[in-house]
Amino acid sequence: MEKKLHTFLNSNLLNKYLVGDTSLEESKEVEHFISNYPEASDAYEKLQDNLEIIAKAGATEVPHDILGDILESLEETNDTKVINLVQSRKTPWYSIAASAAAVLFAATSFMLYQKNMQLNNENNVVVDEIYDLRSDIETNNSKLDQLSRELLKLNNPDSKKYLITGNDRAKDLKTVAYINPIEKTSMIDVISLPQLPEEQHYEIWAEMQDKMVNLGILDESDRKLKQIPYMEDALALSIKIKSKDDTIETDTEVAEVSLKDQ
């Protein structure tokens with residue numbers, strides 16, 4: 001909608017409407033914008049004010065004795081002087097010049113108004129870009145801080161590293177799990193996952209003494225350190241191919257690593 005308003009203000013419709021040179025459809029369009037957009041209404045009022053100022057500046061005071069001259073002429077003869085009276089009503093050249101100057105001044109004022117609006121818009125864009133840049137810097141600093149904390153966890157001597165590779169069903173699968181039993185944290189780094197059909201995905205599971213616990217979905221887009229739930233006394237971690245449709249049962253294990261052998 002801002003673009004439509006800007007296009008309207010850049011057109012010459014307000015000037016044409018002011019001097020009565022618009023078609024019926026153009027008049028309806030102008031009146032719509034004036035009624036619904038304060039910017040258009042302000043621009044039109046400014047044009048009216050400028051035209052009124054020019055009209056007052058170019059106005060000529062009517063001589064006080066002109067009415068008497070007209071009445072004397074009417075008394076001499078009706079036929080002849082009627083023609084002169086009608087001729088005297090022709091618009092003087094200076095009135096035409098004043099009107100033309102008013103329209104020119106109004107058009108110039110409107111162009112300056114539009115230029116000012118354009119500069120204001122450009123200034124707002126620059127300000128927005130500065131705020132976006134600051135936001136990007138803050139976001140990057142936050143990511144660096146998070147990465148630093150994750151590296152500290154990986155380098156912690158209490159953290160244990162487990163390489164999980166795929167079996168014959170997914171030979172290219174490779175992930176690394178980092179488990180810290182002291183801080184009770186678990187992280188997994190997805191290195192590579194073979195592509196699956198659209199209806200399937202990978203899930204990581206923890207094998208407990210008497211049950212299997214789902215720790216979440218693994219995706220190729222997660223090729224970064226990912227926090228997963230820490231499971232106390234887990235015996236092993238495994239990766240399975242599961243169907244996204246819960247009504248279809250698929251449970252294909254493609255990788256497993258024991259947590260008790262290391």
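Residues numbered from 1 in each chain as written. Predicted model: local features only at pLDDT ≥ 70, side-chain atom pairs only at ≥ 80, totals over all residues. Heavy atoms only, no water.

1. Concerning the pairing of strand 5 (residues 212-218)
Bridge analysis of strand 4 (residues 200-207) against strand 5 gives 6 bridges, and the strand direction is antiparallel. Bridge pairing in strand 5 links Ile204 to Gly216. Where strand 4 folds back onto strand 5 in an antiparallel hairpin, the turn is made up of 4 residues. (Pairing = 2+ DSSP bridges. Helix = DSSP H or I, 4+ residues; strand = E, 2+ residues; numbered from the N terminus.)

2. Observations regarding the pairing of strand 3 (residues 185-192)
Across 7 bridges, the pairing between strand 2 (residues 174-180) and strand 3 is antiparallel. Bridging across to strand 3, Tyr178 finds its partner in Met187. Where strand 2 folds back onto strand 3 in an antiparallel hairpin, the turn is made up of 4 residues, including Lys184, whose phi is positive at roughly 55°. As paired strands, strand 3 and strand 6 (residues 225-228) are joined by 4 bridges and run antiparallel to one another. Residue pairing across strands places Met187 opposite Gln227, the latter belonging to strand 6.

3. Considering the sheet that holds strand 1 (residues 160-165)
Strands sit in the order 1-2-3-6 across an open sheet of 4 strands; the sheet is antiparallel. The open sheet has two edge strands with one neighbour each: strand 1 and strand 6. Ignoring strand direction, the axes of neighbouring strands in this sheet form an average angle of 25°. Bridging between strand 1 and strand 2 involves 6 bridges; their strand directions are antiparallel. Note that in strand 2 the partner of Lys160 across the bridge is Ile179. (Axes fitted to C-alpha atoms, helices over the stretch in contact; angles between N-to-C directions.)

4. Quick notes on the pattern of salt bridges
Scanning the model with the defined rule gives 2 salt bridges in all. Among the ionic pairs, Glu26 bridges to Lys16, the shortest N-O distance being 3.5 Å. With a gap of 10 residues between them, Glu26 in helix 3 (residues 24-36) and Lys16 in helix 2 (residues 13-18) connect regions that are remote in the sequence. On the basis of relative accessible area, Lys16 is assigned to the partly exposed category, the value being 24%. (Salt bridge = Lys/Arg side-chain N within 4 Å of Asp/Glu carboxyl O. Buried < 20%, exposed > 50% of the residue type's maximum accessible area, 1.4 Å probe, protein only.)

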